[in-house]
Amino acid sequence: MATHGPGFEATLWRNPLAQTLRFEVACGLIPVTGLRVADLGCGMGDLAGWLHSSGMQPAAYFGIDALPDMVHAAEARSEVGHEFHVQFAVADITDDVSVLRDWSPDVCVISGSLNTMTQAQAMKVVAEAFDISKGGVVFNFLSDMPHPRFENQDTSPASRFSTIDFLQWSLKKTPWVQFRQDYIDGHDATIAMKKVNAEEAC
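Residues numbered from 1 in each chain as written. Predicted model: local features only at pLDDT ≥ 70, side-chain atom pairs only at ≥ 80, totals over all residues. Heavy atoms only, no water.

**As for the overall build of the chain**
When you go through the chain residue by residue, the secondary structure sums to 7 helices and 8 strands. Sorting the 202 residues of the chain into buried and exposed places 52% on the buried side. If you take every contact in the chain between residues at least 6 apart in sequence, the share linking residues at least 24 apart comes to 71%. Of the roughly 9,600 Å² that the chain leaves accessible, carbon and sulfur atoms contribute 51%. (Helix = DSSP H or I, 4+ residues; strand = E, 2+ residues; numbered from the N terminus. Buried < 20%, exposed > 50% of the residue type's maximum accessible area, 1.4 Å probe, protein only. Contact = heavy atoms within 4.5 Å. Areas by Shrake-Rupley, 256 points an atom, 1.4 Å probe, with all protein chains shown as cover.)

**As for the pairing of strand 2 (residues 60-65)**
Along strand 2, 6 of the 6 residues are buried, which leaves the element largely enclosed by surrounding structure. With helix 2 (residues 46-54) bridging strand 1 (residues 36-40) and the parallel strand 2, this β-α-β connection has right-handed handedness. Note that strand 2 and strand 3 (residues 85-90) share 6 bridges and pair parallel. In the sheet register, Phe62 faces strand 3, and the bridge partner there is Gln87. (Right-handed = clockwise from strand over helix to strand, strands pointing away. Pairing = 2+ DSSP bridges.)

**What to know about the packing of aromatic side chains**
Evaluated as defined, the whole model comprises 9 aromatic pairs. Ring pairs connect the aromatic residues Phe139, Phe141, Phe161, Phe166 and Trp169, which therefore count as one cluster. Looking at Arg36, its charged tip hangs above the ring of Trp103, at a distance of 4.0 Å from the centre. Here the guanidinium or amino end of Lys195 rests over the ring plane of Phe130, the centre of that ring lying 5.0 Å away. (Phe/Tyr/Trp six-rings, centres within 6.5 Å; stacked < 30°, edge-to-face > 60°. Lys NZ or Arg CZ within 6 Å of the ring centre and 35° of its normal.)

**Observations regarding the pattern of salt bridges**
Taken as a whole, this structure holds 5 salt bridges when the rule is applied. With a shortest N-O distance of 3.0 Å, Asp188 and Arg22 are connected by a salt bridge. Of the two residues, Asp188 is situated in strand 8 (residues 188-194) and Arg22 in helix 1 (residues 16-29); the sequence distance between them amounts to 166 residues. Accessibility classification places Asp188 together with Arg22 in one group, the buried group. The shortest N-O distance in the salt bridge between Asp46 and Arg77 comes to 2.7 Å. Taken together, the residues span a long stretch of sequence, with Asp46 in helix 2 and Arg77 in helix 3 (residues 68-77) at a distance of 31 residues. Judged by relative accessible area, Asp46 falls into the buried class, the value being 13%. (Salt bridge = Lys/Arg side-chain N within 4 Å of Asp/Glu carboxyl O.)

**Re the environment of Leu40**
By secondary structure assignment, the location of Leu40 is in strand 1. Residues Leu40 and Phe62 lie 22 residues apart in sequence; the distance between their C-alpha atoms is 8.5 Å. The residues contacting Leu40, other than those within four sequence positions of it, are Ile64, Ile93, Leu100, Cys108, Val109, Ile110, Ser111, Ser113 and Ala129.

**Remarks on helix 6 (residues 163-173)**
Looking only at helix 6, the buried set comprises Thr163, Phe166, Leu167, Trp169 and Ser170. Down the axis of helix 6, the smallest arc covering the buried residues is 165°, so these residues share one side. (Arc of directions from axis to C-beta.)

**So, the environment of Ala38**
Summarising the element assignment, Ala38 is placed in strand 1. In this structure, the C-alpha to C-alpha distance between Ala38 and Ser133, residues 95 residues apart in sequence, is 8.9 Å. With near-sequence residues (within four places) excluded, Ala38 lies in contact with Phe62, Leu100, Trp103, Pro105, Val107, Cys108 and Val109.

**Focus: the side chain of Thr163**
Within the element layout of this structure, Thr163 appears in helix 6. Setting aside residues no more than four positions away along its own chain, Thr163 makes contact with Phe141, Ser143, Asp144, Met145, Phe179, Gln181 and Ala189.

**Let's talk about unusual backbone geometry**
A negative phi angle characterises most non-glycine residues, just as the trans form characterises most peptide bonds. Residue Pro157 is reached from Ser156 by a cis peptide bond, and omega for that bond is 5°. For Ser104, which is not glycine, the phi torsion reads 55° and is therefore positive. The partly exposed category is assigned to Ser104, whose relative accessible area is 26%. The backbone of Asp185 shows a phi angle near 55°, a positive value even though the residue is not glycine. Residue classification places Asp185 among the partly exposed positions, given a relative accessible area of 40%.

This is the structure in structure tokens:
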């Protein structure tokens, strides 16, 4: 962000269209209408804006980002009226998830914010978000099994994760896992991990 300031480029998304597509995929796997949604690594609150414009109205939205300038920019943008409650907080989810636990989300969305972590760090963040949420977590990352046209592409400072390892790890935590990698020719992968009540599982 020191290079780009609190703007779109600082989020590491290559273009707004790809970001929107990732939102569509994530919220297609776990529809968030009527749910309390926590956006981990919210940047400038683009997910809140997309939810508002798409008509997919959560019960409430809580955006968390470690960078105060991003959160300030998100708060300024959110002054445009939403049909659902929107709030933001400065917090580093790799360090302390107490603010997330206190808010008690139904579902956590992690879109793009895992890309500069190691895979071990990313798994820790996803595991904590899954444990805290009531319904589950949906997250995306750069796949290590993309179409050949991406093989020599420099993704730095983002890095690719082992898709098979992340899938296997997810399935060890819950059998209710969904996966998609068909939307940007394998460049990106999205996993949804859900919780199911005992009554629903019978």
